[in-house]
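Single-letter residue listing:
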Amino acid sequence: IATLLTGLRNQPSASLGHLLPEGTPTPLIPALIIIETTSLLIRPLALGVRLTANLTAGHLLIQLISTATTALLPIIPAVSILTALILLLLTILEVAVAIIQAYVFVLLLSLYLQENI
């Protein structure tokens, strides 16, 4: 919201120009302004929800597999070692996902800031 307000204060015509594409038919102007304003306000929220969901899903899966590994260790050690190997591979995958999520987050954030400031 701060970037939107800064953009409106520093460059009002450029910030408001993003709300209405060129060549829009006159009857569609009010609807497009409402849709674009809603989209502009929802973008940061959608970015945060997506990031949170991706990270939470990976952590939950790691937690479930690690619990299974510790529970199986006294009962069936061979299966426990196999699940520990799967847990190691999943952890490596989660690090890769975290790097990709950080890249996407910074990329989208820079695009949002570039559009509004």
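A short tour of the structure in this document, coming up. Everything numeric in this text was worked out from a predicted model, so none of it was measured.

1. Digging into the overall build of the protein
(1) Moving on: Counting its regular elements, the protein contains four helices and zero strands.
(2) Moving on: N-terminal to C-terminal, the α/β element order of the protein is α-α-α-α.
(3) Moving on: For 117 residues, the compact-globule estimate of 2.2 N^0.38 gives 13 Å, and the protein exceeds it by more than 25% at 23 Å.
(4) Moving on: Here the protein holds 117 residues, and the buried ones make up 15% of them.
(5) Moving on: Considering only contacts in the protein between residues 6 or more positions apart, those separated by 24 or more positions represent 56%.

2. Quick look at a nonpolar patch on the surface
(1) Moving on: There is a patch of nonpolar side chains on the surface, built from Leu82, Leu85, Ile86, Leu88, Leu89 and Ile92 and spanning about 580 Å² of accessible area.
(2) Moving on: Mapping Ile92 onto the fold places it in helix 4 (residues 77-116).
(3) Moving on: Look at Ile92 and you get exposed, because its relative accessible area is 52%.

3. So, the side chain of Gln101
(1) Moving on: Position of Gln101 relative to the elements: it lies in helix 4.
(2) Moving on: In this structure Gln101 comes out as buried when scored by relative accessible area, which is 9%.
(3) Moving on: Beyond its immediate chain neighbours, meaning those up to four positions away, Gln101 contacts Arg50, Leu51 and Asn54.

4. Quick word on helix 4
Helical geometry note: an α-helix holds 3.6 residues per turn, so side chains three or four residues apart project in the same direction.
(1) Moving on: Between its terminal C-alpha atoms helix 4 stretches 57 Å, which fits the 58 Å expected from 40 residues at 1.5 Å a residue.
(2) Moving on: Among the residues of helix 4, Ser80, Thr83, Leu87, Leu90, Glu94, Gln101, Tyr112 and Asn116 are the ones counted as buried.
(3) Moving on: Those residues of helix 4 hidden inside the fold are in contact with helix 1 (2-10), helix 2 (12-17) and helix 3 (29-72).

Rules used throughout
Think of each chain on its own: its residues are numbered from 1, step by step along the sequence as written. Predicted model: local features are reported for residues with pLDDT of at least 70 only, side-chain atom pairs are reported and counted for 80 or more only, and whole-chain, interface and lining totals are derived from all residues. Computation of side-chain values covers all heavy atoms of the structure but excludes hydrogens and water. We count a stretch as a helix when DSSP gives it H or I for four or more residues in a row; a strand needs E for two or more, and each element gets its number in order from the N terminus. Radius of gyration: over C-alpha atoms. The globule rule applied is 2.2 Å multiplied by the number of residues raised to the 0.38 power. To sort residues, take the accessible area from a 1.4 Å probe on protein chains only and compare it with the maximum for the residue type: under 20% means buried, over 50% means exposed, and anything in between is partly exposed. Residue contacts follow a heavy-atom distance rule, with two residues in contact if any of their heavy atoms lie within 4.5 Å. What makes a patch is a set of residues exposed beyond 30% relative accessible area and free of salt bridges, joined within 9 Å when like-charged and within 5 Å when nonpolar (Val, Leu, Ile, Met, Phe, Trp, Tyr). Surface exposure here means Shrake-Rupley accessible area, sampled with a 1.4 Å probe, where a residue is shielded only by the protein chains that are shown. By definition, a salt bridge exists where a carboxyl oxygen of Asp or Glu is found within 4 Å of a side-chain nitrogen of Lys or Arg. The span one expects for a helix is its residue count, reduced by one, times 1.5 Å.

These results come straight from atomic positions and should not be treated as a statement about function.
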